[in-house]
Amino acid sequence: MSHRSPTVVLSRTVTVAEGVFAPGHLGELTRQIPFEPVDDLLERTRTTQRRVRLLPSRVGVYFTLALAMFPMLGHARVWDKLVAGLDGLSLRRPSEKALRDVRRRLGPAPIKLLFETLAGPVARPNVPGVRYRRWRTVAFDGCSSTKAPDRPRAAAWLGKIKHRFGQDGYPMLRIVALCETGTRSLLGAVFGPVDVSENAYAEQLLPLLDDGMLLLNDRGFDADDFLAKAARTGAQLLVRLKGRRTPARQSCLPDGTYLTRINGVALRIIDAHISVTTGKGLQLGGDYRLATTLTDHRRYPAQELIALYHERWEVESAFYSLRHTLLQGLVLRSQDAYGIEQEIWAQLTLYQALRRAVAEAVESVPGTDPDRAAFTVALETARDQVVAADGILPTVIKSTPGRIAHAVLTNLLPPRRPRISARRVKCPISRYAAPPAQRLIDGAASITNITITVLPASTLHPDGRRDRTLQLMRTDPHRPWTAREIAAGLGLIHHRGLTAELSRWVKENMLSRTAPGTYALTHEWAHPEQPRQQPSIPS
């Protein structure tokens, strides 16, 4: 006698747009990119279809975003993902040429405008790890490992790697972004050929900074002009300087730091040595030189700022999510500049929509650090929701967490623990090798102790000719000095060797030339401002 197991019939309701607009969705991510803003952007870019046929422009926008969600699949397979949960609608299946044509008809303009609409800070002020005092921490960085197809039209725009035998390899794309370090969301992004410097791209994003932000920058962004332009936005700066740079000392502070001016910007220089001890007893360390506009050493302790600078590395995790988690390290689909631009803007838009969904999930549980939210979990859940066509139009209260939020909160990562890993670029042609001290690290190693030592400027390096010249001229700051007088005061035999240096200091706005061979201190260097005494309380 056979026994049958009881069966359960499950039914669900799918709510989508009507008619040929039904395939235009991203599952639950459609809540982050609703229909109405997409229609508005199409109107503003004049890319709305003239006649409603099989592939309206709105469907084309969501299809382009779905291509970024499934980078391993072709156009027809991605279309199958969009309509897999819409079996009862008897939708016609377009050809691959029709899918390529709708992308060509749209172009990059509406997708770029969609990203700019979504871009921006996503975390509330009370979310852990998002702010330092009253400033939201942000950072610039670039990624130049995105590969375009090796086709003539792509290579004509991006170029190829040059070597002694000619050109070879894939055309490479450089993406530079301004990132909110607490949530790794993007405030803005630009991209183009790799032969344009990261600083040139980053300058295009400087208008996104404001007086409520603290910019954490790597030493690649320490150029004098860039620092001055960033400071004029009103944002505070905490920037690492190259080790070879030794700014002139305007005045020394009791904590071992000192004040200076770089291109007219008042800065405080912090020299520090950071050493770590791993679980196996290995000791590693390095020297850091930071420049900050937070000049009050009592209100903003040096060790606190040194520890804060570590947040800059969050932007590297953002690029890892873009390049490896989302794109899976694959070569882009598009074979010309027009399609590549559209494809990159689609990836950035999808990434930002996922970050917004993750931030909403984290904020639903007060006190949760966004670092514990797994981007991979959010991405895989969003892919499942596209296939199931689930959650496109919410039928429940908006405050109820969706499936993406539930998956993120159910799979929170453990709290971060101190770890160190050798910085290696696993590419045979890379010129970035692991530092000798880090070659003993096998994978990630736990850290048992971190020591931060502020190095006083007076002991780190002796007064050079520039500092001694400034000290000499401050003995009588209101009169001009001849090159002969300065050379005699420094104990030099002849003044000719000093003239070129004096001219360079004139270009750096430390001195002004009042007559041939005669120099005077500028007002800022003749009367250095002392930091105001302020109580050490949160801003």
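What comes next concerns the included structure. (Residues numbered from 1 in each chain as written. Predicted model: local features only at pLDDT ≥ 70, side-chain atom pairs only at ≥ 80, totals over all residues. Heavy atoms only, no water.)

**Focus on the packing of helix α10 (residues 314-326) against helix α12 (residues 375-388)**
Okay, so step 1: Close contact between α10 and α12 brings their axes to 11 Å; oriented N to C, the two are set at 45 degrees. With respect to their mutual orientation, α10 and α12 come out oblique. In terms of crossing hand, the pair formed by α10 and α12 is right-handed. Along its contact with α10, which presents Ser321, Thr325 and Leu326, the element α12 presents Phe375, Thr376, Leu379 and Arg383.
Okay, so step 2: Residue composition of the contact of α10 with α12, grouped by class: 3 nonpolar, 3 polar and 1 charged. (Axes fitted to C-alpha atoms, helices over the stretch in contact; angles between N-to-C directions. Helix = DSSP H or I, 4+ residues; strand = E, 2+ residues; numbered from the N terminus. Parallel < 35°, antiparallel > 145°, perpendicular 65-115°, else oblique. Left-handed = near helix turned anticlockwise from the far one by under 90°. Contact = heavy atoms within 4.5 Å. Nonpolar A, V, L, I, M, F, W, Y, C, P; charged D, E, K, R; others polar.)

**A short note on the pairing of strand β17 (residues 518-521)**
Okay, so step 1: Neither face of β17 is open: one carries Thr518 and Ala520, the other Tyr519 and Leu521, and all of them are buried.
Okay, so step 2: Two elements, strand β15 (residues 481-482) and β17, share 2 bridges in a ladder whose sense is antiparallel. Its bridge partner lying in β17, Trp481 is registered against Tyr519.
Okay, so step 3: For strand β16 (residues 511-515) and β17, the ladder comprises 4 bridges, and the chain directions are antiparallel. Residue pairing for β17: Ser512 is matched across the bridge by Ala520.
Okay, so step 4: With antiparallel pairing between neighbouring strands as the criterion, β16 and β17 make up a hairpin whose turn holds 2 residues, including Gly517 at a positive phi of roughly 75 degrees. (Buried < 20%, exposed > 50% of the residue type's maximum accessible area, 1.4 Å probe, protein only. Pairing = 2+ DSSP bridges.)

**So, the nonpolar core**
Okay, so step 1: Within the largest apolar cluster, 94 residues are counted, with the highest numbers of intra-cluster contacts made by Leu26, Leu29, Ile33 and Met69.
Okay, so step 2: Ignoring any residue separated from it by four or fewer positions in sequence, one finds Ile33 in contact with Leu26, Val38, Tyr62, Leu65, Leu114, Leu118, Thr349 and Ala353.
Okay, so step 3: Within the second largest apolar cluster, 29 residues are counted, among which are Tyr201, Leu205, Leu237 and Leu267. (Core = buried A, V, L, I, M, F, W, Y, C linked by side-chain atoms within 4.5 Å.)

**Quick notes on the side chain of Glu28**
Okay, so step 1: With respect to the helices and strands, the residue Glu28 is situated in the segment before α1 (35-44).
Okay, so step 2: One buried charge, Glu28, has no salt-bridge partner; the nearest side chain with opposite charge is Arg31, at 4.7 Å.
Okay, so step 3: Here the side chain of Glu28 touches Arg403 through a polar contact of 2.8 Å, landing on its backbone nitrogen.
Okay, so step 4: Glu28 has contacts with Gln385, Asp390, Gly391, Gly402, Arg403, Ile404 and Ala405, leaving out every residue within four places of it along the chain. (Lys, Arg positive; Asp, Glu negative; His and termini not counted. Salt bridge = Lys/Arg side-chain N within 4 Å of Asp/Glu carboxyl O. Polar contact = N/O pair within 3.5 Å; in protein donor to acceptor, adjacent residues only side chain to side chain.)

**Brief notes about the packing of α10 against helix α11 (residues 337-363)**
Okay, so step 1: Viewed as axis vectors pointing N to C, α10 and α11 meet at an angle of 115 degrees, and their least axial separation amounts to 11 Å. It follows from the interaxial angle that α10 and α11 lie roughly perpendicular. For the element pair α10 and α11, the recorded crossing hand is right-handed. Taking contact as the criterion, the partners of Ala318, Ser321, Leu322 and Leu326 in α10 are, on α11, Gln347, Leu348, Leu350, Tyr351 and Arg355.
Okay, so step 2: For the contact of α10 with α11, the class distribution of residues is 6 nonpolar, 2 polar and 1 charged.

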